[in-house]
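Next come the chains, spelled out residue by residue.
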Amino acid sequence: ARLKVLGMSEHEIDDIRRSGTPHRLVTITAPHSGVVLQRGVTAGTAVDPSTTLLTVADLSRVWIWAEVPEAGARQMTLGTVARLEFPATGRAPEDAKIDFIYPTLTERTRTLRVRFSAANSDGSLRPGVFGTANFQSEPRRALMISRDAVVDTGLSPHLFIAHGDNQFDPRKVPLGIGLPDRIGVVTGLADGDEI
């Protein structure tokens, strides 16, 4: 029973019963079929229970991770659809739904990781391949200004609004979504204000 638990086949156990002596070499069979991703040993290597012999994975269905910028994290929910593209694989773009959202942001990149699941019967989605995920979201209108116009005192962001000749009044404004060179203003600024 112990030998079965260790993965030995009935045939090998019967051989040991007949001969009455343990074998120096044993065949180890993977519990399921798949692709060998990593080989931790070579022929003749001595092993112990902590040694990883092989890493075998079934790649017929794979997980795909996408990193979403912090500003878009609020819009991510289970079932949100994205168009997945992997140009290097020659695979046609396909739509997929988020099936898991990680609970924390990645500190180094300030991104939220989300996961998709996709069929991979042809094996074209290999571990480590890069692609893009374009999320379908509702368009929204926002008043955008140059990032250079925002003065951040450390307590709150504000703008200087022009009034008359060479007169400027500071105004605190809550900021919205940002782009590399522009940022949205939620309230406190009207279209046509000179800043």
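See above for the structure.
Residues numbered from 1 in each chain as written. Predicted model: local features only at pLDDT ≥ 70, side-chain atom pairs only at ≥ 80, totals over all residues. Heavy atoms only, no water.

A.B. asks: Sorry, what's going on with the sheet that holds strand β3 (residues 61-69) here?
C.D. replies: Strand pairing in a sheet takes place through backbone hydrogen bonds and is either antiparallel or parallel in direction. Strand order in the open sheet formed by three strands is β3-β7-β6, with antiparallel pairing between adjacent strands. Unpaired on one side and paired on the other, β3 and β6 (100-106) mark the two borders of the sheet. Along the sheet, successive strands turn relative to each other by an average axial angle of 25°, direction set aside. Where β3 lies against strand β7 (residues 111-119), nine bridges are found, and the strand directions are antiparallel. When the bridges of β7 are listed, W63 appears paired with S117. (Pairing = 2+ DSSP bridges. Helix = DSSP H or I, 4+ residues; strand = E, 2+ residues; numbered from the N terminus. Axes fitted to C-alpha atoms, helices over the stretch in contact; angles between N-to-C directions.)

A.B. asks: Got a minute to help me understand the layout of surface pockets in this structure?
C.D. replies: Think of a ball as big as a water molecule: rolled over the atoms, this probe shows where empty space is left. By volume, the largest pocket amounts to about 1,000 Å³. Lining the largest pocket are 30 residues, with V26, T27, I28, V47 and L53 sitting closest to its centre. In the lining of the largest pocket, the residues fall into 18 nonpolar, 10 polar and two charged. In this model, the second largest pocket occupies a volume close to 530 Å³. (1 Å grid on protein atoms, 1.4 Å probe; cavity = no way out; pocket = protein on both sides within 12 Å on 5 of 7 lines; lining within 4 Å. Points joined across faces, edges and corners; volume = space filled by probe spheres on them. Nonpolar A, V, L, I, M, F, W, Y, C, P; charged D, E, K, R; others polar.)

A.B. asks: Is there a simple way to explain the pattern of salt bridges in this structure?
C.D. replies: Any two side chains of opposite charge can pair, so long as their charged atoms come close to each other. The tally for this structure, following the rule as stated, stands at 11 salt bridges. A salt bridge links D15 to R18; the shortest N-O distance between them is 2.9 Å. Taken together, the residues span about one helical turn, with D15 and R18 both in helix α2 (residues 10-19) at a distance of three residues. Linked by salt bridges that have partners in common, R91, E94 and D122 make up one network. (Salt bridge = Lys/Arg side-chain N within 4 Å of Asp/Glu carboxyl O.)

A.B. asks: Looking at this model, I keep getting lost on α2. Mind explaining?
C.D. replies: Since the α-helix advances by 3.6 residues per turn, residues separated by three or four positions end up pointing in the same direction. Within α2, burial applies to E12, I13 and I16. Along the axis of α2, the buried residues cluster in a sector spanning 100°; they form a single face. For α2, the exposed residues set more than 90 degrees away from the buried face come down to H11, R17 and R18. Taken from the residues just after α2, G20 is the one with a positive phi, measuring 80°. (Buried < 20%, exposed > 50% of the residue type's maximum accessible area, 1.4 Å probe, protein only. Arc of directions from axis to C-beta.)

A.B. asks: How should I be thinking about the environment of A82 in this particular structure?
C.D. replies: Among the structural elements, A82 can be located in strand β4 (residues 81-85). With relative accessibility at 0%, the residue A82 sits in the buried group. In this structure the C-alpha to C-alpha distance between A82 and K97, which are 15 residues apart in sequence, comes to 6.4 Å.

A.B. asks: It is not clear to me how the sheet that holds strand β11 (residues 157-162) should be interpreted in this structure. Could you clarify?
C.D. replies: Taken in spatial order, the three strands line up as β10-β11-β12 in an open sheet, and their pairing is antiparallel. The sheet is open, and its two edges are formed by β10 (151-152) and β12 (168-172), each paired on a single side. Summarising the sheet, β11 and β12 pair through five bridges and their orientation is antiparallel. Among the inter-strand pairings, I161 is bridged to a residue of β12, identified as D169.

A.B. asks: Where do I start with the side chain of N120 in this structure?
C.D. replies: For N120, the location among the structural elements is in the loop between β7 and β8 (132-135). Look at N120 and you get buried, because its relative accessible area is 2%. A polar contact is formed between the side chain of N120 and the backbone oxygen of L59, at a distance of 2.9 Å. Among the polar contacts made by the side chain of N120, one reaches the main-chain amide nitrogen of S124 at a distance of 3.2 Å. Leave out the neighbours within four places in its chain, and N120 touches L59, S60, R61, V62, R91 and L125. (Polar contact = N/O pair within 3.5 Å; in protein donor to acceptor, adjacent residues only side chain to side chain. Contact = heavy atoms within 4.5 Å.)

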